[in-house]
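Structural overview
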Amino acid sequence: GGGMGGNPFGGMGGGGMGGVQELLQKAMGNPKVMAAVQKAAGNPKVMAAVQDVMQNGPGAMKKYENDREVKAILDELKG
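Quick summary incoming for the structure in this document. Keep in mind that this is a model prediction, so the values were computed, not measured.

1. Some remarks on the nonpolar core
With 20 residues, the main nonpolar core has Leu-23, Val-50, Ile-73, Leu-74 and Leu-77 as its most contacted residues. Looking at this core, the elements that each hand over two or more residues are helix H1 (18-27), helix H2 (31-41), helix H3 (44-56) and helix H4 (68-78). Among the elements that line this core, the one with the most residues is H3, at 6 residues.

2. Some points on the environment of Asn-43
Note that Asn-43 resides in the loop between H2 and H3. Asn-43 sits in the buried class, given a relative accessible area of 17%. Sequence-wise, Asn-43 and Glu-69 are 26 residues apart; in three dimensions their C-alpha atoms are separated by 9.9 Å. Within polar-contact distance, the side chain of Asn-43 engages the side chain of Glu-69 at 2.7 Å.

3. With respect to the pattern of salt bridges
Charged atoms that come close allow side chains of opposite charge to pair. Summed over the entire model, instances satisfying the criterion amount to 5 salt bridges. For Glu-69, the salt bridge is made with Lys-45, and the minimal N-O distance between the two is 3.0 Å. Highlighted residues: Glu-69 in helix H4 and Lys-45 in helix H3, separated in sequence by 24 residues. What makes Glu-69 partly exposed here is its relative accessible area of 40%. Judged by relative accessible area, which is 43%, Lys-45 ranks as partly exposed.

What counts, and at which threshold
- Residues numbered from 1 in each chain as written.
- Predicted model: local features only at pLDDT ≥ 70, side-chain atom pairs only at ≥ 80, totals over all residues.
- Heavy atoms only, no water.
- Core = buried A, V, L, I, M, F, W, Y, C linked by side-chain atoms within 4.5 Å.
- Buried < 20%, exposed > 50% of the residue type's maximum accessible area, 1.4 Å probe, protein only.
- Helix = DSSP H or I, 4+ residues; strand = E, 2+ residues; numbered from the N terminus.
- Polar contact = N/O pair within 3.5 Å; in protein donor to acceptor, adjacent residues only side chain to side chain.
- Salt bridge = Lys/Arg side-chain N within 4 Å of Asp/Glu carboxyl O.

Function-wise, these values are silent; they only describe arrangement.
This is the structure we're talking about:
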């Protein structure tokens, strides 16, 4: 794997759905995060936002501050 930056969401490699696997591994010990991941997985708009934040860092979350649906899940994923 690649090096980790200063990104709490982990160092993402290329595109694809790798981010989901990474999220699921993080979520294993946390039922709240797991529920958020499952909700996100069923919603392509939310999933795209989650991957955006994982690739571009927490700064990308600013884009979604006015989208309650997306923001709620991103907040849960932060823990």
